[in-house]
Number of protein chains: 2
Amino acid sequence: MNYLAVDVGGTSTRAVILHDDGTCIAYGTAGSGNPTSSGAEQSVTSIVAATAAAMAQAGLTTSDVAAGVIAIAGAAGGTGARLSTRFAGAGLPTRLTLEPDLLAAYNSGSLASEGYALVAGTGAAAVRIRGGRIEATCDGLGWLLGDAGSGFWIGHRAVLAAISMLDGRGQSTLLAEWVLGELGLHRTSERDRDGRLVALNDAVGALYKLRPVELSRFAPLVFEAEAVGDDVARRIVAEAADALAATLGTVADPDIDGPVVLAGSILSQQPSVAQRVVRSIGNAVDDRRVVMVSDGLPGAAVLALRDDGLRVDHETFERIQTSLTSLR
Amino acid sequence: MNYLAVDVGGTSTRAVILHDDGTCIAYGTAGSGNPTSSGAEQSVTSIVAATAAAMAQAGLTTSDVAAGVIAIAGAAGGTGARLSTRFAGAGLPTRLTLEPDLLAAYNSGSLASEGYALVAGTGAAAVRIRGGRIEATCDGLGWLLGDAGSGFWIGHRAVLAAISMLDGRGQSTLLAEWVLGELGLHRTSERDRDGRLVALNDAVGALYKLRPVELSRFAPLVFEAEAVGDDVARRIVAEAADALAATLGTVADPDIDGPVVLAGSILSQQPSVAQRVVRSIGNAVDDRRVVMVSDGLPGAAVLALRDDGLRVDHETFERIQTSLTSLR
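Calculation criteria
Sequence positions are assigned chain by chain, starting from 1 and proceeding in written order. Written order determines the labels here, with chains lettered from A and ligands numbered from 1. Residues qualify for local features only when their pLDDT is at least 70, as the model is predicted, and side-chain atom pairs are given and counted only at 80 or more; totals for whole chains, interfaces and linings, by contrast, use all residues. Only hydrogens and water are set aside when side-chain values are computed; all heavy atoms of the structure are taken into account. DSSP bridges decide pairing: two strands pair if at least two such bridges lie between them. Each helix corresponds to a stretch of at least 4 residues labelled H or I by DSSP, and each strand to a stretch of at least 2 residues labelled E; elements are numbered beginning at the N terminus. Axes, fitted as lines to C-alpha atoms, cover a helix only where it is in contact. Angles between the N-to-C directions of the axes lie from 0 to 180 degrees. What makes two residues a contact is simply this: any of their non-hydrogen atoms within 4.5 Å. Think of a salt bridge as a Lys or Arg side-chain nitrogen and an Asp or Glu carboxyl oxygen that are within 4 Å of each other. The copies were overlaid with a least-squares fit restricted to C-alpha atoms from residues scoring a pLDDT of at least 70 in each copy. Buried area: the accessible area, evaluated with a 1.4 Å probe, that two parts lose upon being put together, summed over both parts. Whenever two N or O atoms come within 3.5 Å, that pair is a polar contact, provided that in protein one can donate a hydrogen and the other can accept it, and provided that, for residues adjacent in sequence, both atoms are side-chain atoms. Three categories are distinguished: nonpolar for Ala, Val, Leu, Ile, Met, Phe, Trp, Tyr, Cys and Pro, charged for Asp, Glu, Lys and Arg, and polar for the others, with Gly belonging to the last.

1. So, the sheet that holds strand β9 (residues 260-263) of chain A
All names here are of chain A. Sheet architecture is open: five strands sit in the order β8-β7-β6-β9-β10, paired in mixed fashion. Both outer strands of the open sheet, β8 (133-139) and β10 (290-292), are each paired with one neighbouring strand and no more. Looking at each pair of strands side by side, their axes are set apart by 20° on average, direction ignored. Pairing geometry for β9 and β10, over three bridges, is parallel. If you follow Val261 over to β10, its bridge partner there is Val291. Against the sheet, helix α4 (residues 101-109) touches β6 (115-120), β7 (124-130), β8, β9 and β10, its axis set at about 115° to β6. Its contacts with the sheet put helix α9 (residues 231-251) on β6, β7, β8 and β9, and the angle it makes with β7 is roughly 25°.

Right under this line is the structure:
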């Protein structure tokens with residue numbers, strides 16, 4: 001029998017069809033499916049599109065698929081019913097289970113029934129896993145109220161550092177020039193009638209035109225500036241790592257010493273942040289295995305099998321990983 | 001001859017008609033006129049409504065009014081022309097000059113041609129005045145990029161402190177209970193399937209429904225919590241004062257030792273912040289006079305006379321203040 005697994009993310013939505021032995025046979029992608037940042041309608045559209053692409057590639061019909069798992073963050077009540085209706089309309093499998101994307105991220109790195117996951121992409125959150133389910137969650141509360149140490153958080157601080165330097169309040173940093181550059185602006189000495197730099201006014205105007213979460217696009221500038229020794233950038237990175245370590249520390253439980261799975265672009269693409277986080281939890285979690293994963297799709301596949309009552313052993317898990325890698 | 005002066009604010013818009021000797025003869029108010037927070041259309045509507053009310057109370061027609069000054073923040077190019085057209089259509093005076101609201105705030109507290117103003121209401125900014133005009137500006141860059149120490153800034157920190165305590169990350173603070181209360185919620189021990197407090201989820205849902213600037217409504221909770229010794233609140237207030245002192249310090253110039261005018265609800269209604277700011281600039285500005293003003297309307301009246309070439313002496317200034325007070 002075949003299973004469907006979908007990992008719904010803020011940047012892309014990915015779907016895979018797999019056999020019950022873990023062999024992945026087809027793969028499809030679509031755009032952002034995060035319901036909080038993209039809206040419920042766009043979310044459902046992306047999930048349907050990614051699934052339809054995978055089903056077409058597999059050459060399967062609905063009756064060939066036993067069940068599916070959709071790994072998604074911040075799904076409101078009613079999302080499951082709405083998805084089933086839209087899936088039915090599109091001739092796609094309708095036996096769907098929604099699972100937290102953080103659980104899928106964890107299972108992308110580990111089959112252990114106890115452990116932790118820390119995810120830092122556009123947002124940031126940590127979970128504690130017991131008995132294969134999420135027992136405690138910290139942060140993941142969005143750009144205005146949380147997501148400490150996330151891509152938005154780092155990008156916002158990059159912009160604040162740039163703006164406050166141009167405003168004469170802040171410390172000197174390469175980020176001022178670089179944020180202006182990213183906005184297609186240049187720094188000149190021209191000032192308006194109230195003594196403000198025209199480049200500052202232009203930058204402020206351009207930045208307020210973005211949706212706040214889009215500030216995450218400035219995060220890479222911080223890592224580049226850190227790499228060349230910029231003090232302000234170094235401090236932002238250190239504070240991001242501290243914030244992520246605190247989030248993970250909040251869900252830590254002395255009784256649970258399973259692995260720590262790290263996921264999301266900030267942790268998977270920025271070794272300096274991941275190293276700092278691991279170092280800061282090092283004392284508390286002696287000998288704990290740290291696993292880095294690049295996305296939650298393998299974990300969603302694990303959940304698709306498990307939720308249908310199948311046992312996922314290490315052999316099956318490895319088959320998921322290997323066959324998925326060769327499909328992408 | 002008569003003059004019109006309007007002070008356009010984020011909470012209310014106030015208009016006054018005055019004689020050239022400074023005697024204020026009529027007063028009108030309307031709602032928010034801030035073009036950034038309320039939009040250009042609402043801004044113009046409020047300015048027209050406040051002016052029409054004052055003109056009606058004075059029993060004057062357009063030909064009785066020599067000129068008018070509109071003190072306004074963040075007015076985009078074209079605002080002056082749009083205002084004149086709308087004023088003409090409403091039978092109101094059309095010889096209008098736009099002036100920065102920060103200059104009006106300064107002139108509400110001082111006639112000196114050199115000095116400083118620091119305003120902290122929903123937003124926050126400082127200006128240096130030379131030759132009666134703004135020579136340098138710091139901050140006033142809005143909730144996402146600046147306004148350090150403002151009502152929004154303080155309210156946002158109140159909410160972050162509350163949320164992170166409920167999330168298990170943050171220090172214990174009265175603000176958690178109080179922010180929930182302000183949202184009509186109660187703290188219970190109930191948790192969702194992912195181990196998160198239901199009250200936290202409800203608070204997050206309610207807070208994301210607000211426009212970000214509306215978070216300024218939580219600022220008063222910080223001052224109440226500070227008053228009863230809450231450590232987190234005390235730190236927020238101290239950091240707000242430090243931020244405002246830094247903003248003022250940025251525009252400080254050793255050649256300019258005129259008065260410092262403090263304005264806006266955070267400074268005029270919160271003695272603890274104003275005292276800290278004054279103390280922190282104390283060393284830098286020995287003997288400098290500190291003047292607290294409650295709004296920019298007297299200063300707008302000063303500018304209305306000055307912009308038409310009239311000299312405003314201390315007698316005239318006092319007449320503006322006294323007659324305006326008796327009108328309100």
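Next comes the rest of the description.
2. Structural notes on the pattern of salt bridges
For the structure shown, the criterion picks out 36 salt bridges over all chains. Note that Asp139 of chain A is salt-bridged to Arg169 of chain B, the shortest N-O span being 3.5 Å. Of this pair, Asp139 of chain A sits in strand β8 while Arg169 of chain B sits in the loop between α5 (151-166) and α6 (174-182), which puts the two residues in different chains. The residue Arg133 of chain B makes a salt bridge to Glu99 of chain B at a minimum N-O spacing of 2.8 Å. Of the two residues, Arg133 of chain B is situated in strand β8 (residues 133-139) and Glu99 of chain B in strand β5 (residues 96-100); the sequence distance between them amounts to 34 residues.

3. Side note on the relation of the copies chain B and chain A
Related by rotation about an axis and a shift along that axis, the two copies of the chain form a pair. Under the fitted operation, chain B is carried onto chain A by 0.1 Å of movement along the axis and a turn of 180°, and the coordinates agree to an RMSD of 0.1 Å. When the rotation and shift are considered jointly, the pair of chain copies conforms to a two-fold rotation axis. Rotation axis and chain B: the residue whose C-alpha lies nearest the axis is Leu144 of chain B, separated from it by 4.8 Å.

4. A word on the sheet that holds strand β5 (residues 96-100) of chain A
Residue and element names in this part refer to chain A. What the five strands build is an open sheet, ordered β3-β2-β1-β4-β5; its pairing is mixed. Each edge of the open sheet is held by one strand with a lone partner, namely β3 (24-30) and β5. Geometrically, the sheet is characterised by an average inter-axis angle of 20° between neighbouring strands, direction not taken into account. As paired elements, strand β1 (residues 2-8) and strand β4 (residues 65-72) share six bridges and run parallel to each other. Each bridged residue has a counterpart across the sheet, and for Ala5 the counterpart in β4 is Val69. The sheet strands contacting helix α2 (residues 40-58) are β1, β2 (13-19), β3 and β4, and the helix crosses β3 at an angle near 145°. Sitting on the sheet, helix α12 (residues 297-307) touches β1, β2, β3, β4 and β5, and the angle it makes with β1 is about 140°.

5. Focus: the interface of chain B and chain A
On the chain A side, the residues contacting the 34 residues of chain B number 35 residues. Carbon and sulfur atoms supply 58% of the area that chain B and chain A bury against each other, a total of about 3,000 Å² over both sides. Across the contact surface, chain B and chain A share two salt bridges. Scanning the region where chain B abuts chain A turns up 18 residue pairs in polar contact (both at pLDDT 80 or more). Going through the elements one at a time, β5, β8, α5, α7 (198-208) and α9 (231-251) of chain B are the ones with two or more residues in the side of chain B that touches chain A. Per element, the largest residue contribution to the side of chain B that touches chain A is six residues, and it comes from β8 of chain B. Tallied by class, the residues present in the side of chain B that touches chain A amount to 19 nonpolar, eight polar and seven charged.

Shape descriptors only; they carry no functional weight alone.
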